[in-house]
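For reference, the chains in residue letters:
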Amino acid sequence: MSPEYRTSLFGPLARHRLSKLGTVASLTLVMAAGVVSPAAASAQSVTAHKAASRGHGGDDHCKDDNHPSRSLLKAYFRAYGVGEDGKDECKGATGATGATGATGATGGTGATGATGPTGSGGGATGATGATGATGATGATGAAGPCSDIDASQDSNNFEVRATLTGGRTYAGIRDLTGNTPGPFLWTDLTTHPNYPANPCGVSIAQHSLGGQAEGDLRVDVVTTGGAVYESTCQIVPSDRTLNCDNNAWVLVNRQPAPNAVNGGTVVM
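Residues numbered from 1 in each chain as written. Predicted model: local features only at pLDDT ≥ 70, side-chain atom pairs only at ≥ 80, totals over all residues. Heavy atoms only, no water.

A. Seen up close, the nonpolar core. Core analysis: the largest hydrophobic core is formed by 20 residues, its most contacted members being Val160, Leu189, Leu217, Val219, Ile235, Leu242 and Trp249. Of all the secondary-structure elements, those providing two or more residues to this core are strand S2 (158-165), strand S3 (168-175), strand S5 (199-207), strand S6 (215-223) and strand S7 (228-236). Ranked by residue count, the leading element in this core is S2, at 4 residues. Contact partners of Trp249, with chain neighbours within four places excluded, come to Thr169, Leu189, His192, Pro193, Asn194, Tyr195, Pro196, Val219, Val221, Tyr229, Glu230 and Ser231. (Core = buried A, V, L, I, M, F, W, Y, C linked by side-chain atoms within 4.5 Å. Buried < 20%, exposed > 50% of the residue type's maximum accessible area, 1.4 Å probe, protein only. Helix = DSSP H or I, 4+ residues; strand = E, 2+ residues; numbered from the N terminus. Contact = heavy atoms within 4.5 Å.)

B. Just the state of the cysteines, in detail. Considering all chains together, one arrives at 2 disulfides under this definition. Paired by a disulfide, Cys146 and Cys200 hold their sulfur atoms 1.8 Å apart. Note on the Cys146 and Cys200 pair: the S-S dihedral is about -70°, so by sign convention the disulfide is left-handed. Of this pair, Cys146 sits in the loop between helix H4 (68-80) and strand S1 (148-152) while Cys200 is found in strand S5, placing the two residues 54 residues apart along the sequence. Among the residues examined, Cys146 registers a relative accessible area of 17% and is labelled buried. Linked covalently through their sulfurs, Cys233 and Cys244 form a disulfide whose S-S length is 1.9 Å. Judged by the sign of its S-S torsion, about 100°, the cystine formed by Cys233 and Cys244 is right-handed. In this pair, Cys233 is assigned in strand S7 and Cys244 in the loop between strand S8 (241-243) and strand S9 (250-251), connecting sequence segments 11 residues apart. Relative accessible area serves as the criterion here: at 5%, Cys244 is assigned to the buried category. (Disulfide = S-S within 2.5 Å.)

C. Examining the pairing of S1 more closely. Both S1 and S2 contribute to a ladder of 5 bridges, which runs antiparallel. Directly across from Asp148, in S2, lies its bridge partner Leu164. Taking the residues between adjacent antiparallel strands as the criterion, S1 and S2 are bridged by 5 residues. (Pairing = 2+ DSSP bridges.)

D. Fine view of the pattern of salt bridges. A complete count under the given rule lists 4 salt bridges for this structure. The partner of Glu159 in a salt bridge is Arg161, with the nearest N and O atoms 2.7 Å apart. Grouping residues by exposure puts Glu159 and Arg161 together as buried. The network of salt bridges with common partners includes Glu159, Arg161 and Arg174. (Salt bridge = Lys/Arg side-chain N within 4 Å of Asp/Glu carboxyl O.)

E. View of the packing of aromatic side chains. If you walk through the whole model with that rule in mind, you get 2 aromatic pairs. Between the aromatic rings of Phe184 and Trp186, the centroid separation amounts to 5.5 Å while the plane-to-plane angle is 25°, which identifies the pairing as stacked. Looking at Phe184, the relative accessible area reads 24%, which means it is partly exposed. Trp186 sits in the partly exposed class, given a relative accessible area of 41%. Here the aromatic rings of Tyr195 and Trp249 are separated by 5.6 Å at their centres, their planes lie at 75°, and the arrangement is edge-to-face. Taken together, the positions of Tyr195 in the loop between strand S4 (184-188) and S5 and Trp249 in the loop between S8 and S9 put the pair 54 residues apart, joining distant regions of the chain. Across the pair, exposure class does not vary: Tyr195 and Trp249 are buried alike. (Phe/Tyr/Trp six-rings, centres within 6.5 Å; stacked < 30°, edge-to-face > 60°.)

F. Structural detail: the sheet that holds S4. In space, the 4 strands of this open sheet follow the order S1-S2-S3-S4, with antiparallel pairing throughout. Here the strands that pair on one side only, and so sit at the sheet edges, are S1 and S4. Looking at each pair of strands side by side, their axes are set apart by 20° on average, direction ignored. (Axes fitted to C-alpha atoms, helices over the stretch in contact; angles between N-to-C directions.)

G. Quick look at the environment of Gly226. Its location among the elements puts Gly226 in the loop between S6 and S7. Taking the C-alpha atoms as reference points, Gly226 and Gly201, 25 residues apart in sequence, are found 9.8 Å from one another. Look past the residues within four positions of Gly226 in its chain and what remains in contact with it is Gln255 and Pro256.

H. Representation of the confidence of the model for the chain in the model. Mean pLDDT over the chain: 75, with 60% of residues reaching 70 or higher. Here helix H2 (residues 25-31) stands out as the element of the chain with the lowest mean pLDDT, 42, in contrast to S4, whose mean of 97 is the highest. Confidence drops under pLDDT 50 across residues 1-10; counting only partners more than four residues distant or on other chains, this segment forms 12 contacts. Counted against residues more than four places away or in other chains, residues 20-59, with its pLDDT under 50, gives 52 contacts. (pLDDT = per-residue confidence, 0-100.)

Shown next, in the form of structure tokens:
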């Protein structure tokens, strides 16, 4: 019989695997004697391997992946897929799971993300609420300074005025002899002796003596308390001026009184 058709102890799959493993040639020679099958050879080899691992003066091949017997058996199991279901007889039982390691430190805060788009506007504006009740009337403020004015004209040559403003009282006269009225000439009566406090009203009266003679001019002031004071000036017709000569203010006698009829409060 020709060599091509000679019966072999190994099947096609075994021959294919042996062709890939030049390192297991010694095992194929052992099994070529025809006295064992691949499965039996596997079992015997494992037995011999385990026995060998207990010999050699305590040398344990399981501690060395490069031990010749360990490498030979592993190559054989890969080639035939037999023996201990592909397990490594040198591996012991799986150990218990170790304790969970400590939690790692918290990582740093990441960068702030980009600002999102602006949302759409809210709903429609609500209706205007009802008008609230009117509040209580506040307290009356302090009275401001009084202002007043009065005028008199008993002659075609001049006219006179009296005015109260800013707490001060003035007497004035104006020349009427020209083609147009002249300017008013004012005299401040506030600096005269006994000027009343809190003046609030003023009046003026004149009595012309006619011709070139001087006439009398009287200026009266009433205070916020109702007291009436009077001062006098003289009119100088020659130049239409006033001569008040620092005349003092005096209380008129009598003073106005409630319910009086041709009477009043006597000034002592």
